[in-house]
Every structure is written in C-alpha cells, then in structure tokens.
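Architecture and fold: a report
Residue-level listing of the chains:
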Amino acid sequence: MPEFGARFKRARESQGIPLQEIAKETRIGTRFLLAIENEDFQQLPGGVFNRGFVRSYAERVGLDP
C-alpha cells in the first residue's frame, strides 16, 4: 500500500492547501499529518486516534474516508 500517503499529499497539493492550514482546521498536529503522508505510522499516537486522524484528513482533502 505504498500509494496511501502519496494520495493524501497529491490531493492536498492539487488544491494548493498548505499542511499548516489542514492542521489548523482539523486540529491535528503537522507532524502527524506528515507522518500520514510519509506513511510513518510509528509516529502516530495509535488506537482510535490513527483512524480519526486519517478520516479527518481524508475528508478535508476530498478523499473517501
């Protein structure tokens, strides 16, 4: 699933949305958003937070959560 994080980054960049704007709107730290984009899931807090972070980010950039 190496395309997972790249899909988020492409969607965000295609809309011209800076990562900081998504962080502010979703209340998810930029380091966690970067971890999703880079597929560095060890940086995420775990549990239900991971699912919620991915869902919120996906909804914000127009991806199917």
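None of these values were measured; they are calculated from a predicted model.

Quick notes on the overall build of the protein chain
- The secondary structure content of the protein chain amounts to four helices and zero strands.
- The order of α-helices and β-strands along the protein chain, N terminus first, is α-α-α-α.
- Against the globule reference of 11 Å for 65 residues, the protein chain gives a C-alpha radius of gyration of 11 Å, in line with a compact fold.
- Entry remark: accessible area of the protein chain is about 4300 Å², with carbon and sulfur atoms responsible for 50%.

Quick notes on the environment of Arg7
- Tracing the backbone through its elements, the reader meets Arg7 in helix H1 (residues 4–14).
- Judged by its relative accessible area of 43%, Arg7 falls in the partly exposed class.
- Taking the C-alpha atoms as reference, Arg7 lies 13 Å from Ala35; in sequence the two are 28 residues apart.

Side note on the pattern of salt bridges
- As enumerated under the stated definition, the model contains four salt bridges in all.
- The salt bridge involving Glu21 is made with Arg60; its shortest N-O contact spans 3.2 Å. Of this pair, Glu21 sits in helix H2 (residues 19–26) while Arg60 is found in helix H4 (residues 48–61), placing the two residues 39 residues apart along the sequence.
- Classification of Arg60 by relative accessible area gives partly exposed; the value is 24%.
- The closest approach of N and O atoms between Glu25 and Arg60, which form a salt bridge, is 2.2 Å. Highlighted residues: Glu25 in helix H2 and Arg60 in helix H4, separated in sequence by 35 residues.
- Among the charged side chains, a network of salt bridges with common partners joins Glu21, Glu25 and Arg60.

Cut-off values and rules
- Every chain is numbered on its own, with residues counted from 1 as its sequence reads.
- Only residues with pLDDT of at least 70 are given local features in this predicted model, and only at 80 or more are side-chain atom pairs given and counted; all residues enter the totals for whole chains, interfaces and linings.
- By convention in this description, side-chain values take in all heavy atoms of the structure and omit both hydrogens and water.
- Secondary structure elements follow DSSP: runs of H or I no shorter than four residues count as helices, runs of E no shorter than two count as strands, and numbering proceeds from the N terminus.
- Computation of the radius of gyration draws on C-alpha atoms alone. For the globule rule, the value is 2.2 Å times the number of residues to the power 0.38.
- Here the accessible surface of atoms and residues is derived via Shrake-Rupley with a 1.4 Å probe, and residues count as covered only by protein chains that are part of the display.
- Using a 1.4 Å probe on the protein chains alone, a residue whose accessible area is under 20% of its type maximum counts as buried, one over 50% counts as exposed, and one in between counts as partly exposed.
- By definition here, a salt bridge exists when the distance from a side-chain nitrogen of Lys or Arg to a carboxyl oxygen of Asp or Glu is within 4 Å.

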